[in-house]
Amino acid sequence: MERKYRLSTLAIHAGEEEFSPPGAVTTPIYQTSTFAFRNTAEVIEYQKGDPSKYLYTRYGNPTVAVVEKKMAALEGGEAALVVSSGMAAVSTLALTLASSGEEIISTEPVYGGTFHLFKDTFARLGIKVHFVDPGRIDEAKGLLNDNTRLFFCETPTNPNLKVADIRRIVEIARESEVPVAIDNTFATPYNQSPLSLGADFVVHSGTKYLGGHSDLVAGVIVGPKKVTDRAIETMKMMGGCIDPFGAFLLLRGLKTLAVRVDRQNKNGMKVAEFLSAHDKVSRVFYPGLTGSAQHDLAKSQMRGFGGMVCFEVRGGLESAGKVADSLKVFINATSLGGVESLACLPVLTSHWGFDEEELKRADVTPGMVRLSCGIEDEQDLLEDLEQALKNI
Ligand SMILES: *Cc1c(COP(=O)(O)O)cnc(C)c1O
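Every chain is numbered independently, its residues counted from 1 as its sequence is written. With the structure being a predicted model, the display of local features is reserved for residues of pLDDT at least 70 and the display and counting of side-chain atom pairs for 80 or more, all residues being used for whole-chain, interface and lining totals. Excluding hydrogens and water, the side-chain figures rest on all heavy atoms present in the structure.

What follows concerns the site of the ligand. All residues in the neighbourhood of the ligand are listed as Ser85, Gly86, Met87, Tyr111, Glu154, Asp183, Thr185, Phe186, Ser205, Thr207, Lys208 and Ala218. Within the side chain of Lys208, an N or O atom sits 2.7 Å from an oxygen atom of the ligand. In this description, accessible areas are obtained by the Shrake-Rupley approach with a 1.4 Å probe, and a residue is regarded as covered only by the protein chains that are shown. Contact with the protein chains hides 92% of the accessible area of the ligand, taken as 380 Å² for the molecule alone. By the convention adopted, Pro, Cys, Tyr, Trp, Phe, Met, Ile, Leu, Val and Ala count as nonpolar, Lys, Arg, Asp and Glu as charged, and the other residues, Gly among them, as polar. Classifying every residue of the shell around the ligand by side-chain character gives four nonpolar, five polar and three charged. Proximity criterion: a residue is near a molecule or strand once any of its heavy atoms comes within 4 Å of it. What qualifies as a polar contact is a pair of N or O atoms within 3.5 Å, subject to a donor-acceptor requirement within protein and to the restriction that residues adjacent in sequence count only when both atoms come from side chains.

Each assigned domain of the chain is listed with its residue range as follows: domain 1 (7–254) and domain 2 (257–389). Throughout, the accessible surface (probe 1.4 Å) given up by two parts as they are put together, summed over both, is called the buried area. Interface of domain 1 and domain 2: buried area, both sides summed, is about 3,200 Å²; carbon and sulfur atoms make up 55% of it. Throughout this description, the term salt bridge denotes a Lys or Arg side-chain nitrogen within 4 Å of a carboxyl oxygen of Asp or Glu. For the pair domain 1 and domain 2, the number of links is two salt bridges. Applying the counting criterion to the domain 1 and domain 2 interface returns 23 residue pairs in polar contact (both at pLDDT 80 or more). The secondary structure listing takes helices from DSSP runs of H or I that are at least 4 residues long and strands from runs of E that are at least 2 residues long, numbered from the N terminus. Ranked by the residues each element gives to the side of domain 1 that touches domain 2, the list is headed by helix H7 (residues 188–191), at four residues. For every domain, the bounds stem from an assignment made automatically or drawn from a database.

Between any two strands, pairing holds if DSSP finds at least two bridges. One open sheet accounts for five strands, arranged E8-E9-E12-E11-E10; its pairing is mixed. This sheet does not close on itself; its edge strands, each paired only once, are strand E8 (281–285) and strand E10 (331–332). Inspection of the sheet shows E8 paired to strand E9 (residues 308–313) by four bridges, in the antiparallel sense. Pairing of Arg283 across the sheet is with Glu312, part of E9.

Now for the nonpolar core. Residues enter a nonpolar core if they are buried and are Ala, Val, Leu, Ile, Met, Phe, Trp, Tyr or Cys, with the set joined through side-chain atoms within 4.5 Å. Here's how the labels work: a residue is buried when its accessible area is under 20% of the maximum for its type, exposed when over 50%, partly exposed in between, all with a 1.4 Å probe on protein chains only. By size, the foremost hydrophobic cluster in this structure holds 43 residues, and its most contacted members are Leu74 and Leu250. Elements that contribute at least two residues to this core include exactly helix H1 (7–13), helix H3 (62–75), strand E1 (79–83), strand E7 (219–223), helix H9 (244–254), helix H10 (257–276), E9 and helix H13 (356–362). Ranked by residue count, the leading element in this core is H3, at seven residues. Residues from two domains meet in this core; each of domain 1 (7–254) and domain 2 (257–389) gives at least three. Any pair of residues with heavy atoms lying within 4.5 Å of one another is described as a contacting pair. If we ignore the near neighbours within four places in the chain, the residues touching Leu74 are Leu7, Leu10, Ala11, Pro189, Leu254 and Leu257. Judged by nonpolar contacts, the second largest core, of 31 residues, contains Ala272, Phe274, Val281 and Leu385.

Here Val25 is to be found in the loop between H1 and helix H2 (40–47). Sequence separation of Val25 and Leu254 is 229 residues, and the distance between their C-alpha atoms is 15 Å.

Here we take up the pattern of salt bridges. In this structure the tally under the stated criterion is 21 salt bridges. Among the salt bridges present, the one from Asp262 reaches Lys266, with a minimum N-O distance of 3.2 Å. Residue Asp262 and its partner Lys266 are located together in helix H10, separated by four residues, close to a single helical turn. On the accessibility criterion, Asp262 (29% relative accessible area) is partly exposed. Of the charged contacts, one joins Glu312 and Arg283 as a salt bridge, the two residues approaching to 3.2 Å between their closest N and O atoms. Of this pair, Glu312 sits in strand E9 while Arg283 sits in strand E8, placing them 29 residues apart in sequence. Through salt bridges with shared partners, one network takes in Asp138, Lys141, Arg168 and Glu171.

Set out below in structure tokens:
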């Protein structure tokens, strides 16, 4: 489908037209590990790069190819690679661009898995990762050097929705000709388009909003074809391919991305406003609140502010635990982005094991509750929070 159409239309149609066999409205699941050739000449055509031919599902699969086209269209990128998880997306892209002896700059906080991959696994592989505070992003200038291969940034961040200035990061990285990758998981392409702000790559945990139903694990890389082609080679050898059924679920979830996230933006805003006015709540983190210190920055690069809301209650972990245990509509579970609302305590989940100093740096406290607002009725979510807060 031509890219002139808007996101809600692309989410339904992009990528799908070429593969539909006669009469099928949806893309079939090519649930096969291997592909037959009619003759040796066809094998040779495949090896020469004929895109209509397939060899083996870790190397490529028609269902996966369709969801890749759709993701490239939604992010406005040249090409996309869909892999087995968000972590596979981060590691595949980073290992495509950086080798032993080379360096990466990453904003911090980032998702816990990304942080440990960069800090521990990459240290073992001889890739040095420098972390910078997005609030003091100009400090990155002193860290960029001839060995820097990637500037990685997540915005908004987990769990307390800090916003990094994508345009400023691009400006700084450009001076040293270093490519920029944005983890767009929290925002989704419905709310934020990093490539249009100058970033080179977008990565996603497709497990969250893109799939949207808490029933799959997937990851996405979007960027210039010349690099995604190299990333495919990394993925083939590291093995992080997605299976055809996972790709089908992602494809199915993506069709309702716009209506889901639209509702989640509304529910997120209502919940944040409700919590801000509640006397048992000491702090609310939501970039959509006009009183939030980062609202202007968020507004300059986001079209909506999403369904993730973090808040802090007075009385620390005991109070936060009471709230989480009393919620009836919000389910006590980690992860995010699905149609059902979830609540979790960051100190017991994403930030478990962090010492006091690390928690302080991440601005994560024992009284914090992180909400992922789903698509339920807004009034039921507010009433659920109201009754839960009565218990502290
Ligand atoms: C969940 C998440 C990831 C990791 O994705 P998986 O699909 O769990 O591997 C990376 N980044 C962010 C922001 C996430 O929320």
